[in-house]
Amino acid sequence: MSHSESQALAQMDVHKHEHDSHGSVKSYLIGFVLSVILTAIPFAAVMSGSLSSSTTFWTLVTTALVQIWVHLKYFLHLNFVTEEGKASTLSFIFSALIIVMVVGLSVWIIYESNAMMMY
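Fair warning: this is a prediction, and the values are worked out from it, not measured in the lab.

### Points about the overall build of the chain
Secondary structure assignment for the chain yields four helices and zero strands. Tracing the chain from N to C terminus, the helices and strands come up as α-α-α-α. Considering the chain as a whole, with its 119 residues, one finds that 13% of them fall into the buried category. By sequence separation, contacts in the chain at least 24 residues apart represent 49% of the contacts at least 6 residues apart. A total accessible area of about 9700 Å² is found for the chain, and carbon and sulfur atoms account for 73% of it.

As structure tokens, then:
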């Protein structure tokens, strides 16, 4: 096999691997349907008003966490099983932690500054 043929085969393998990492139409549809359902459940819980405040709150929190997982799996293609997926997951969690800390601490600093200026 010549150098150009082996290079072409290598490029085909790379393109095949890149295509495999993207979702199929089926996975996007599953993610979309789950997202719509997970949006409709808390919407119905809030609009009906038949549940207690704490039950409504925990319904919202639970469906929000499940929806985050659905988006990570079906739309962002974050694989939680493979070795590469574990590294991606840890990187994502670390990034999310830093963002939560920066935003949360900024809000806390602004709130405390405002409270000190009022006295």
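Now that the structure is up, let's keep going.
### Thoughts on the packing of aromatic side chains
Scanning the model with the defined rule gives two aromatic pairs in all. Measuring from ring centre to ring centre gives 6.2 Å for Tyr 28 and Phe 75, while their planes differ by 20 degrees; the resulting arrangement is stacked. Taken together, the residues span a long stretch of sequence, with Tyr 28 in helix α2 (residues 25-48) and Phe 75 in helix α3 (residues 53-75) at a distance of 47 residues. Classification of Phe 75 as partly exposed rests on a relative accessible area of 29%. Pairing Phe 57 with Trp 58 gives two aromatic rings, centres 5.1 Å apart and planes at 75 degrees, and the pair type is edge-to-face.

### With respect to the side chain of Gln 67
Of note, Gln 67 is situated in helix α3. Side-chain polar atoms of Gln 67 contact the backbone oxygen of Ser 35, separated by 2.8 Å. With sequence-adjacent residues up to four places away left out, Gln 67 is seen in contact with Ser 35, Leu 38 and Thr 39.

### Examining a nonpolar patch on the surface
A grouping of Phe 94, Leu 97, Ile 98, Ile 99, Met 101, Val 102, Val 103, Leu 105, Val 107, Trp 108 and Ile 109 is seen on the molecular surface, where their side chains present a nonpolar patch of about 1100 Å² in accessible area. Locating Trp 108 in the fold gives a position in helix α4 (residues 83-117).

### Re the packing of α2 against α3
In contact at an axis separation of 9 Å, α2 and α3 are set at 170 degrees when each is read in the N-to-C sense. Classified by the angle their axes make, α2 and α3 are roughly antiparallel. Along the lines of polarity and charge, the residues of the contact of α2 with α3 split into 14 nonpolar, nine polar and no charged.

### Observations regarding α3
Look at α3: 32 Å from first C-alpha to last across 23 residues, which is about the 33 Å you get at 1.5 Å a residue. Where α3 ends, the next residue or the one after it, His 77, has phi of about 55 degrees, a positive value.

### Comments concerning the confidence of the model for the chain
Of the residues in the chain, 82% have a pLDDT of 70 or more, and the chain-wide mean is 84. At the level of individual helices and strands, the chain shows its lowest average pLDDT in helix α1 (residues 3-21), which scores 56, and its highest in α2, which scores 95.

### Remarks on the environment of Val 70
The topology assignment puts Val 70 in helix α3. Residue Val 70 is classed as buried on the basis of its relative accessible area of 2%. Distance from Val 70 to Ser 35, taken between C-alpha atoms, is 7.2 Å for residues 35 residues apart in sequence. Here Val 70 is in contact with Gly 31, Leu 34, Ser 35, Leu 38 and Phe 75, once residues within four sequence places are set aside.

Rules of the game
- Residues numbered from 1 in each chain as written.
- Predicted model: local features only at pLDDT ≥ 70, side-chain atom pairs only at ≥ 80, totals over all residues.
- Heavy atoms only, no water.
- Helix = DSSP H or I, 4+ residues; strand = E, 2+ residues; numbered from the N terminus.
- Buried < 20%, exposed > 50% of the residue type's maximum accessible area, 1.4 Å probe, protein only.
- Contact = heavy atoms within 4.5 Å.
- Areas by Shrake-Rupley, 256 points an atom, 1.4 Å probe, with all protein chains shown as cover.
- Phe/Tyr/Trp six-rings, centres within 6.5 Å; stacked < 30°, edge-to-face > 60°.
- Polar contact = N/O pair within 3.5 Å; in protein donor to acceptor, adjacent residues only side chain to side chain.
- Patch = residues over 30% accessible without salt bridge, like charges linked within 9 Å, V, L, I, M, F, W, Y side chains within 5 Å.
- Salt bridge = Lys/Arg side-chain N within 4 Å of Asp/Glu carboxyl O.
- Axes fitted to C-alpha atoms, helices over the stretch in contact; angles between N-to-C directions.
- Parallel < 35°, antiparallel > 145°, perpendicular 65-115°, else oblique.
- Nonpolar A, V, L, I, M, F, W, Y, C, P; charged D, E, K, R; others polar.
- Expected span 1.5 Å × (residues − 1).
- pLDDT = per-residue confidence, 0-100.

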